[in-house]
Amino acid sequence: MATPRGRVTPATARRAGVRLIRFLYTDNGGVTRGKATHVESLASRITDGIGLTVAMQAMNMLAQLQPVEGLGPVGEIRLKPDPRTFTVLPYAPHAAAMTTDMCTLDGAPWDVCPRSFLKRQIAACARAGFGVRAAFECEFTLAIRRGDGTFAPLDESLCFSTLGMTTAAPVMDEIVAALEAQGIQVEQYYPELGHGQQELSIRHAAALEAADRQVLYRETVRGVAYRHGLFASLAPKPFLDQAGNGGHIHFSLWDSAGRRSLMHDPRGRYGVSALGYHFIAGVLEHLPALLALTCPTVNSYRRLQPHFWSSAFTAWGPDNREAAIRAPSTFPSDRAGSTNAELKASDASSNPYLALGGLLAAGLDGVTRALKLGEPVLVDPGTLSDTERAARGIQRYPTTLGAALDNLEKDRALMGALGAPLARAYLAVKHSEAEAFAREDAVFETKHHFWKF
Ligand code: GLU
Ligand code: MG
């Protein structure tokens, strides 16, 4: 079954052999959920959407509904699909999916909708004269489930080891094929440092598509692994004694047509333009609060430790893998096109629309205020003394989700971008997760994050 080209119609979906089409959304807890329509009703469902209770945006990842004004048992929204995102799902029989916006009954974007939040930030950047392209670069862990319900890594192979490649080859090959079939171009693959850990990167895309792709990527990796009798986890720290899973965000700035890089300047330091530096400075300044969107689970803060290459300090540097933002070296075949920045303080337990929207809002604030970026850090910032770090303006990240949420609440630019209704719901959901996991142990925490992300 191949995905039909162009905008989907019931006829093309039928011809592709599809019966059920999932209308996907990702909630404030970062979990992707959906409802499916039968293909016979597809035309009307594209126009009308599928109904959803407003309460789902007050639901946390432990299925505990939070008391949020206006998000109770009364009230309904519509999941309206973006037909350009129609894709046949290679890992589920006769199934397809589209990503959706949450709309009010009169068809307007709902102010608690994460995808609409990202669209607003894209529009704000466009008004400031630039577009953003991005890619989530994910690591994930392949595991088997033991009889007692606990998970064990698929192998104990070494970083970049060919033995690890061969062990995982059947499932990885099928994941790559499934991404290709969905029009998602794969860039690189290798076994990572952790036992059973893999890294599979995909090509960058315009911001909205990049977030949509992250949803499909997570679905695909887990869906294909399951067909091989395996479990794939993109949780930030699925095994406490192993390297964590990053979901680094690579980003670059472009002209409105997406043809000319505005991030690149051959005369700029490390080939990065002044605009690029203002944007990066904004991301770095807001990072202690932005983390609440890019590293938004309790499990995220187990990953963000010094010396694990996940980053733990608000620093930036060229090819510095302990810095929050790495300016990666570029490639001779396309210096301009390969100029980008990488936010390491990001993982795949995020809602990609909120994470990327937050990154855009933070970067745009840096551009608007023409913020100056401090000096690059050329060493592991974790090896500097507290005094040295303070002198360079480098801060340790908040070490808990609760602390990051408190920073978010105080961050006027990010709170303003989210808008009160979305911010209120998000903070309620996330605070409730912080409190619920604080009452439990690490086994409970890893188990719940393992299979939900
Ligand atoms: N696993 C590391 C992380 O948690 C990233 C390692 C690397 O690719 O540099 O982000
Ligand atoms: Mg990696």
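Placed above this text is the structure.
This is a predicted model, so every value here is computed, not measured.

> Could you clarify how one ought to interpret the nonpolar core in this entry?
Nonpolar side chains in soluble globular proteins tend to end up buried together. If you look at the biggest cluster of nonpolar residues, it comprises 115 residues, and the most contacted ones within it are Phe140, Phe251 and Leu356. Broken down by element, this core gets its largest block of residues, 12 residues, from helix H6 (residues 274-294). With near-sequence residues (within four places) excluded, Leu356 lies in contact with Leu118, Ala134, Phe136, Ala207, Ala210, Ala211 and Ile249. Judged by nonpolar contacts, the second largest core, of 14 residues, contains Val18, Ile50, Val88 and Ala96.

> Which parts of the structure should I look at to understand the coordination of the magnesium ion (ligand 2)?
The reference angle at a metal is 109.5 degrees if four donors form a tetrahedron and 90 or 180 degrees if six donors form an octahedron. Summarising the metal site, the magnesium ion (ligand 2) is bound by the protein donors Glu139 (OE), Glu192 (OE) and Glu199 (OE), whose distances to it range over 1.9 to 2.1 Å. In primary sequence terms, the donor set of the magnesium ion (ligand 2) follows E-x52-E-x6-E. In this pair, Glu139 is assigned in strand S7 (residues 131-145) and Glu199 in strand S10 (residues 197-202), connecting sequence segments 60 residues apart. Both residues of the pair, Glu139 and Glu199, belong to the buried class.

> It is not clear to me how the site of ligand 1 should be interpreted in this structure. Could you clarify?
Near ligand 1 the following residues occur: Glu139, Glu192, Glu199, Gly244, Gly246, His248, Arg303, Phe308, Trp309, Ser310, Arg321 and Lys344. Arg303 places a polar side-chain atom, nitrogen or oxygen, 2.7 Å from an oxygen atom of ligand 1. At 3.0 Å from an oxygen atom of ligand 1 is found a side-chain nitrogen or oxygen belonging to Lys344. For ligand 1, the cavity whose grid points lie within 2 Å of the majority of its atoms is the largest pocket. Looking at the shell around ligand 1 residue by residue, the class counts come to two nonpolar, four polar and six charged.

> What should I look at first to understand the pattern of salt bridges in this one?
Pairs may arise between side chains of opposite charge once their charged atoms sit close together. Inspection of the entire model under this criterion finds 20 salt bridges. Arg227 is the partner of Glu174 in a salt bridge, and the nearest nitrogen-oxygen pair spans 3.6 Å. With Glu174 in helix H4 (residues 162-181) and Arg227 in helix H5 (residues 207-227), this pair connects stretches of sequence that are 53 residues apart. Salt-bridge contacts for Arg389 lead to Asp386; the nearest nitrogen and oxygen are separated by 2.6 Å. With Arg389 and Asp386 both in helix H9 (residues 386-391) and three residues apart, the pair spans about one turn of that helix.

> What is the right way to look at the environment of Ser201 in this model?
Mapping Ser201 onto the fold places it in strand S10. Here Ser201 is in contact with Glu137, Val186, Glu187 and Gln188, once residues within four sequence places are set aside.

> What is the right way to look at the packing of H6 against helix H8 (residues 352-368) in this model?
The angle between the axes and the distance between the axes are what describe a pair of packed helices. Following both chains from N to C, one finds H6 and H8 inclined at 135 degrees, their axes separated by 6 Å at the closest point. Here H6 is positioned oblique relative to H8, judged by the angle of their axes. The interaxial crossing formed by H6 with H8 has right-handed handedness. Counted together, Leu275, His278, Phe279, Gly282, Val283, His286, Leu290, Leu293 and Thr294 of H6 and Leu354, Ala355, Gly358, Leu359, Leu360, Ala362, Gly363, Leu364, Asp365, Gly366 and Val367 of H8 form the full contact between these two elements.

> Where do I start with the packing of aromatic side chains in this structure?
Aromatic ring pairs: the centre-centre distance and the angle between the two ring planes describe each pair. Within this structure, the stated rule accounts for 10 aromatic pairs. Arranged with centres 5.0 Å apart and planes meeting at 90 degrees, the rings of Phe160 and Tyr190 form a pair that is edge-to-face. Of this pair, Phe160 sits in the loop between strand S8 (151-153) and H4 while Tyr190 sits in strand S9 (residues 186-191), placing them 30 residues apart in sequence. You can call Tyr190 buried: its relative accessible area is 19%. For the pair Phe437 and Phe444, a centre-to-centre distance of 5.7 Å together with 55 degrees between the ring planes defines the contact as tilted.

> How should the layout of surface pockets be read in this particular structure?
Any space left empty among the atoms is revealed by the rolling of a water-sized probe across them. Reported here for the largest pocket is a volume of approximately 1200 Å³. Elements supplying a minimum of two residues to the lining of the largest pocket: S7, S9, S10 and strand S13 (247-254). With five residues, the top contributor of residues to the lining of the largest pocket is S7. Of the residues in the lining of the largest pocket, the class split is 13 nonpolar, 19 polar and 14 charged.

> Explain empty space enclosed by the protein to me, please; I cannot follow it from the model alone.
Applying the stated criterion across every chain, the model contains two cavities of 30 Å³ or more. Computed from the structure, the largest cavity encloses a volume of approximately 40 Å³. Surrounding the largest cavity, Tyr25, Thr26, Thr100, Met102, Cys113, Pro114, Arg115 and Tyr353 form its lining. Elements represented by at least two residues in the lining of the largest cavity include exactly strand S1 (20-26), strand S6 (95-103) and helix H3 (114-127).

> Looking at this structure, I do not really get the state of the cysteines. What am I missing?
Note on terminology: disulfide describes a covalent bond linking the sulfur atoms of two cysteines. Tallied over the entire structure, the rule returns zero disulfides. Of all cysteine sulfurs in the structure, the one in Cys295 sits closest to Cys138, which takes part in no disulfide; the separation is 12 Å. By relative accessible area, which is 0% here, Cys138 ends up buried. This cysteine, Cys159, is not joined by any disulfide, and Cys138 carries the nearest cysteine sulfur, 17 Å off. With relative accessibility at 30%, the residue Cys159 sits in the partly exposed group.

> Would you explain the pairing of S7 in this entry?
As a general feature of sheets, a regular strand has side chains that alternate between the two faces. Most of S7 is tucked away: 11 of the 15 residues are buried. Of the pairings in the sheet, the one linking S7 to S13 comprises eight bridges and is antiparallel in character. Looking at S13, one finds that Cys138 is bridged to Gly247. Across four bridges, the pairing between S7 and S10 is antiparallel. Its bridge partner being in S10, Cys138 is matched across the sheet by Leu200. Here S7 pairs with strand S12 (residues 231-233) via three bridges, running antiparallel. In the sheet register, Ala143 faces S12, and the bridge partner there is Phe231.

Parameters and conventions
Residues numbered from 1 in each chain as written. Chains lettered and ligands numbered in written order. Predicted model: local features only at pLDDT ≥ 70, side-chain atom pairs only at ≥ 80, totals over all residues. Heavy atoms only, no water. Core = buried A, V, L, I, M, F, W, Y, C linked by side-chain atoms within 4.5 Å. Buried < 20%, exposed > 50% of the residue type's maximum accessible area, 1.4 Å probe, protein only. Helix = DSSP H or I, 4+ residues; strand = E, 2+ residues; numbered from the N terminus. Contact = heavy atoms within 4.5 Å. Donors = N, O, S within 2.8 Å, 3.2 Å for Na, K, Ca; no water. Near = heavy atom within 4 Å. Polar contact = N/O pair within 3.5 Å; in protein donor to acceptor, adjacent residues only side chain to side chain. 1 Å grid on protein atoms, 1.4 Å probe; cavity = no way out; pocket = protein on both sides within 12 Å on 5 of 7 lines; lining within 4 Å. Sits in = over half its atoms within 2 Å of the grid points. Nonpolar A, V, L, I, M, F, W, Y, C, P; charged D, E, K, R; others polar. Salt bridge = Lys/Arg side-chain N within 4 Å of Asp/Glu carboxyl O. Axes fitted to C-alpha atoms, helices over the stretch in contact; angles between N-to-C directions. Parallel < 35°, antiparallel > 145°, perpendicular 65-115°, else oblique. Left-handed = near helix turned anticlockwise from the far one by under 90°. Phe/Tyr/Trp six-rings, centres within 6.5 Å; stacked < 30°, edge-to-face > 60°. Points joined across faces, edges and corners; volume = space filled by probe spheres on them. Disulfide = S-S within 2.5 Å. Pairing = 2+ DSSP bridges.

These figures capture arrangement, not role.
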